[in-house]
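What follows is each chain in one-letter form.
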Amino acid sequence: MRAASPAYSNYVLFILFVAYVFNFVDRQIVSILAEPIKKDLGISDTQLGLLTGTAFGLFYATLGIPIARLADLWVRRHIIALGLTLWSVMTMISGSAGSFTQMFAARIGVGIGESALSPPAHSLLAQYFPPERRATALGIYSMGIHFGILFGTLAGGWLNQYWGWRTAFVVVGAPGVALAVLFWLTVREPPHTNPAPAPPVREVARYLWRLRSFPHLSFATGLSAFSGYAFANWAPVFLGRVHALQSGEIGTKYGLVLGIGGAIGSVAAGVLADRLGRRDRRWWLWVPACATVGPLPFSLGFLLHGQVNTAFALLFPAVVLAALYQGPVFATVQTLAQERMRAVASGILFFVINSIGLGLGPPAVGLLNDTVFADRGAEAVRYSLVTLISISAVWALFHYLMAARSLREDLASCAQTSARAA
């Protein structure tokens, strides 16, 4: 197959971006529907945290690696289309859940389906875009997170207010099936330029963990995701309980701030990392380091200010700065990995990110609400979020800076390995 034209490469990036939007719509909608789900199913905050984090994250993280391995061996287009179909159908099924157990099982199904997107998507984009444009491409792809949150909270909030939370799940899940068919019909599978067979998962894991930068990089990203998922899943609950906003108003204001602010930060991160990285590739990790303590004063202002409009004004710069880590981190890992191990490398990174971020972040807030800050009543979620995002921000900063210290040496070593394999 001849090399793809720039226009077709951009089309592949666009349709993967749309798939990632759907991915986060179906993932994030639970947060805006949390209060009516809690009331209808009669569950605690701890159980709510398990639904928004662990039920999804446990299988999303663990199955991501074997699916990524399959992506290095099989047709990535097929894997993404099948996963998109599965998570869309399971999102619709979530609307029929009659108990905590049924909802937990449905969210597991969503997690299994969604684990089939990002590892093969990263691998595809690494072939369609050269290293000097990779952070920008993956930054644009990562905008799907923020537009997904925007549409998920916006649609979920208003659908719940007028038709109920069960209808909301069905409406947002259905379009994903049509997108899966379009993706399967229009995206071409580029051939691998390296004829060597894809290495097994254990070999990829050993290769990555021998690099001094990767353990720090992956743990730092996991901590960024910990605070990000904790905040994203519980901020709508905070706005409802503390500021007494209705779900439609939360969906509009919160969704627009997270969607637009996050998209700006995501694209800016990729552009900054690509441009500054031409002079010193440590900027690929220094830019994400800015996403740790940089947004913290604004995030704390949002959580602690008593006037809701001022709180939203403070939230916008927090979201822009917090989104600076995704594109550069993903591009760095794709550049560190050899070509035939890129999907598995992405799967390993996502395993760390989601085990820490999704698996622990949202349930940690729920647990603190029910225990440490239980005497605070409706205010408990405020103090739980303040505690967790403050600790994780400083901790993540340390690991990003440690990863940057050895990045140039690791990149040089990886380039030598690639040259020997060619």
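Residues numbered from 1 in each chain as written. Predicted model: local features only at pLDDT ≥ 70, side-chain atom pairs only at ≥ 80, totals over all residues. Heavy atoms only, no water.

Draft legend 1. Structural detail: the overall build of the protein chain. Within the protein chain, the secondary structure is distributed over 19 helices and zero strands. Its C-alpha radius of gyration of 20 Å places the protein chain within 12% of the 22 Å reference for a compact globule of 422 residues. Expressed as lengths along the three principal axes of its C-alpha atoms, the size of the protein chain is roughly 60 × 40 × 35 Å. The buried share among the 422 residues of the protein chain stands at 60%. If you take every contact in the protein chain between residues at least 6 apart in sequence, the share linking residues at least 24 apart comes to 86%. Carbon and sulfur atoms form 68% of the exposed surface of the protein chain, whose accessible area is close to 15500 Å². (Helix = DSSP H or I, 4+ residues; strand = E, 2+ residues; numbered from the N terminus. Rg over C-alpha atoms; globule rule 2.2 N^0.38 Å. Buried < 20%, exposed > 50% of the residue type's maximum accessible area, 1.4 Å probe, protein only. Contact = heavy atoms within 4.5 Å. Areas by Shrake-Rupley, 256 points an atom, 1.4 Å probe, with all protein chains shown as cover.)

Draft legend 2. Summary view of the pattern of salt bridges. In the structure shown here, the tally under the stated rule is 10 salt bridges. Of the charged contacts, one joins R27 and E114 as a salt bridge, the two residues approaching to 3.1 Å between their closest N and O atoms. Pair noted here: R27 is in helix 1 (residues 6–32) and E114 is in helix 5 (residues 100–114), with a separation of 87 residues, a long-range link. E114 sits in the buried class, given a relative accessible area of 0%. Taking the shortest distance from any N to any O, the salt bridge between D45 and K38 comes out at 2.9 Å. By relative accessible area, which is 4% here, D45 ends up buried. Via salt bridges that share partners, E35, K38, D45 and R241 belong to a single interconnected network. (Salt bridge = Lys/Arg side-chain N within 4 Å of Asp/Glu carboxyl O.)

Draft legend 3. Empty space enclosed by the protein, seen in detail. Within this structure, the stated rule accounts for one cavity of 30 Å³ or more. S224, S227, G228, A322 and Y325 are the residues nearest the centre of the largest cavity, which is lined by 37 residues in total. The element that contributes the greatest number of residues to the lining of the largest cavity is helix 11 (residues 213–242), accounting for eight residues. Tallied by class, residues from the lining of the largest cavity come to 26 nonpolar, 10 polar and one charged. (1 Å grid on protein atoms, 1.4 Å probe; cavity = no way out; pocket = protein on both sides within 12 Å on 5 of 7 lines; lining within 4 Å. Points joined across faces, edges and corners; volume = space filled by probe spheres on them. Nonpolar A, V, L, I, M, F, W, Y, C, P; charged D, E, K, R; others polar.)

Draft legend 4. Summary view of helix 17 (residues 342–370). Taking 1.5 Å per residue as the helical rise, helix 17 with its 29 residues ought to reach 42 Å, and the 41 Å between its terminal C-alpha atoms agrees with that figure. The largest bend in helix 17 amounts to roughly 35 degrees and is located at N354. Helix 17 sits mainly inside the fold: 24 of its 29 residues count as buried. (Expected span 1.5 Å × (residues − 1). Bend = angle between axes of the 7 residues up to and from the residue.)

Draft legend 5. Geometry of the packing of aromatic side chains. Applying the stated criterion across every chain yields a total of 20 aromatic pairs. On the basis of an interplanar angle of 35 degrees and a centroid distance of 6.0 Å, the ring pair of Y8 and Y11 is categorised as tilted. Here Y8 pairs with Y11, and both are found in helix 1, just three residues apart, close to one helical turn. In this structure Y11 comes out as partly exposed when scored by relative accessible area, which is 26%. Consider the rings of F373 and Y383, whose centres lie 6.2 Å apart with planes at 35 degrees: the pair is tilted. (Phe/Tyr/Trp six-rings, centres within 6.5 Å; stacked < 30°, edge-to-face > 60°.)

Draft legend 6. Examining the packing of helix 4 (residues 76–94) against helix 6 (residues 118–128) more closely. With their axes 10 Å apart at the nearest point, helix 4 and helix 6 run at an angle of 140 degrees to one another. Crossing angle aside, the handedness with which helix 4 passes helix 6 is left-handed. Contact residues: R76, I79 and I80 in helix 4; P120, A121, S123, L124 and Q127 in helix 6. Here the contact of helix 4 with helix 6 is composed, by residue class, of five nonpolar, two polar and one charged. (Axes fitted to C-alpha atoms, helices over the stretch in contact; angles between N-to-C directions. Left-handed = near helix turned anticlockwise from the far one by under 90°.)

Draft legend 7. Quick look at the layout of surface pockets. Computed from the structure, the second largest pocket encloses a volume of approximately 290 Å³. Lining the second largest pocket are 15 residues; nearest its centre among them are E35, P36, G240, L245 and S247. Considering every element that reaches the lining of the second largest pocket, the biggest residue donor is helix 2 (residues 34–41), with five residues. Grouping the constituent residues of the lining of the second largest pocket by class yields seven nonpolar, five polar and three charged.

The analysis is restricted to geometry; functional conclusions fall outside its scope.
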